[in-house]
Amino acid sequence: MEVEMKIRGLMMDPITNMPIVILKESCGGNVLPIWVGVYEANAIALEIEKVVTPRPMTHDLLKNVLVGLNAHVHKIVVTNIKDDTFYAVIWLERDGTLISIDSRPSDALALALRIDCPIFVEDEVLKCSKSQSNNQDRINNEELKRWLENLNDEDLGKYKM
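Definitions and limits used
- All chains use their own residue numbering, which begins from 1 and follows the written sequence.
- The predicted nature of this model means local features are confined to residues of pLDDT at least 70 and side-chain atom pairs, given and counted, to a pLDDT of 80 or more, with totals for whole chains, interfaces and linings taken over all residues.
- Processing note: side-chain calculations cover all non-hydrogen atoms of the structure and skip hydrogens and water entirely.
- For two strands to be treated as a pair, DSSP must find no fewer than two bridges joining them.
- Only DSSP runs of H or I covering at least 4 residues are called helices, and only runs of E covering at least 2 are called strands; the numbering of each starts at the N terminus.
- Within this scheme, the nonpolar core is defined by two criteria: the residues are buried Ala, Val, Leu, Ile, Met, Phe, Trp, Tyr or Cys, and they are joined through side-chain atoms within 4.5 Å.
- Categorising residues by exposure relies on relative accessible area from a 1.4 Å probe, with only protein chains included: less than 20% of the type maximum marks a residue as buried, more than 50% marks it as exposed, and the intermediate range marks it as partly exposed.
- The contact rule is simple, with two residues in contact once any of their heavy atoms fall within 4.5 Å.
- Angles run from 0 to 180 degrees between N-to-C directions of axes, and those axes are lines fitted to C-alpha atoms, restricted for helices to the stretch in contact.
- When an angle is under 35 degrees it counts as roughly parallel; over 145 it counts as roughly antiparallel; between 65 and 115 it counts as roughly perpendicular; any other value is oblique.
- Handedness of each helix crossing follows the sense of rotation of the near helix against the far helix: counterclockwise by less than a right angle gives left-handed, clockwise gives right-handed.
- Each residue is assigned to one class: nonpolar for Ala, Val, Leu, Ile, Met, Phe, Trp, Tyr, Cys and Pro, charged for Asp, Glu, Lys and Arg, and polar for all the others, Gly among them.
- In the sections that follow, a salt bridge refers to a side-chain nitrogen of Lys or Arg positioned within 4 Å of a carboxyl oxygen of Asp or Glu.

Some remarks on the pairing of strand β5 (residues 85-94)
Note: strand β4 (residues 72-82) against β5, 9 bridges, orientation antiparallel. Among the inter-strand pairings, K82 is bridged to a residue of β5, identified as T85. If you look at the hairpin formed by β4 and β5, you'll find 2 residues sitting between the two strands, and D83 has a positive phi there, around 50°. Sheet analysis places β5 next to strand β6 (residues 97-103), joined by 7 bridges and oriented antiparallel. Considered in β6, the bridge of I90 is made with I101. What sits between β5 and β6 in their antiparallel hairpin is a turn of 2 residues, with D95 showing a positive phi close to 50°.

Put into structure tokens, the structure is as follows:
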């Protein structure tokens, strides 16, 4: 079963100093942090902050290609987590044919922001993510959990690299 999520924000992990995309359940309280690379975080941040670049970035190019091919992106889905790595699929339709494209979640999220399509996470990923965090160092887990639960709008403001 897929759970609809929204991008709540983008920030730096205070423990690892890596960028994190925070997904929050649309109609519930589940939160899913996904650690991403610096360049991918920048692509997401540019769209969150509505920064217009002088030339198309890679995800803008992908959007332009899809529009040029008359393909419609239905949704992106974070489908799996394995060895702390998340997996995603971009679902699109062209000429009545449904096509799934394997993707890194960061690329799928950057595209979803640009084309305004829904973001979903498989409920098994949410469960697995929680169970994996339960297996990590308890002090760091509790610290990160407390930190994520106490986020406010100022914390999720402008993303700075």
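Still more to cover.
Section: the nonpolar core
Counting residues in each nonpolar core, the largest one holds 33 residues, and the members touching the most others are M5, V21, L23, L32, I76, L109 and V121. Broken down by element, this core gets its largest block of residues, 5 residues, from helix α3 (residues 105-115). The residues touching L23, leaving out its near neighbours within four places in the chain, are M5, K6, I7, N30, V31, L32, I34, L109 and V121.

Looking at the packing of helix α1 (residues 38-48) against α3
Where α1 meets α3, the axes come as close as 9 Å, and the angle between the chain directions of the two elements is 15°. As judged from the angle between their axes, α1 and α3 are roughly parallel. The element α1 and its partner α3 pack so that their crossing is left-handed. Across the interface between the two elements, E40, A43, I44, L46, E47 and I48 from α1 touch S106, D107, L109, A110, L113 and R114 from α3. When the residues that make up the contact of α1 with α3 are grouped by side-chain class, the tally is 7 nonpolar, 1 polar and 4 charged.

Describing the environment of N30
Note on placement: N30 falls in the loop between β2 (19-25) and β3 (31-35). Considered as a pair, N30 and K127 are 97 residues apart in the sequence and their alpha carbons are 9.9 Å apart.

Regarding the pattern of salt bridges
For the structure on display, the rule yields 9 salt bridges. The closest approach of N and O atoms between E47 and R114, which form a salt bridge, is 4.0 Å. Pair noted here: E47 is in helix α1 and R114 is in helix α3, with a separation of 67 residues, a long-range link. D107 serves as the salt-bridge partner of R104, at 2.9 Å between the closest nitrogen and oxygen. On the accessibility criterion, R104 (45% relative accessible area) is partly exposed. Members of the salt-bridge network, linked through shared partners, are E47, K50, D60 and R114.

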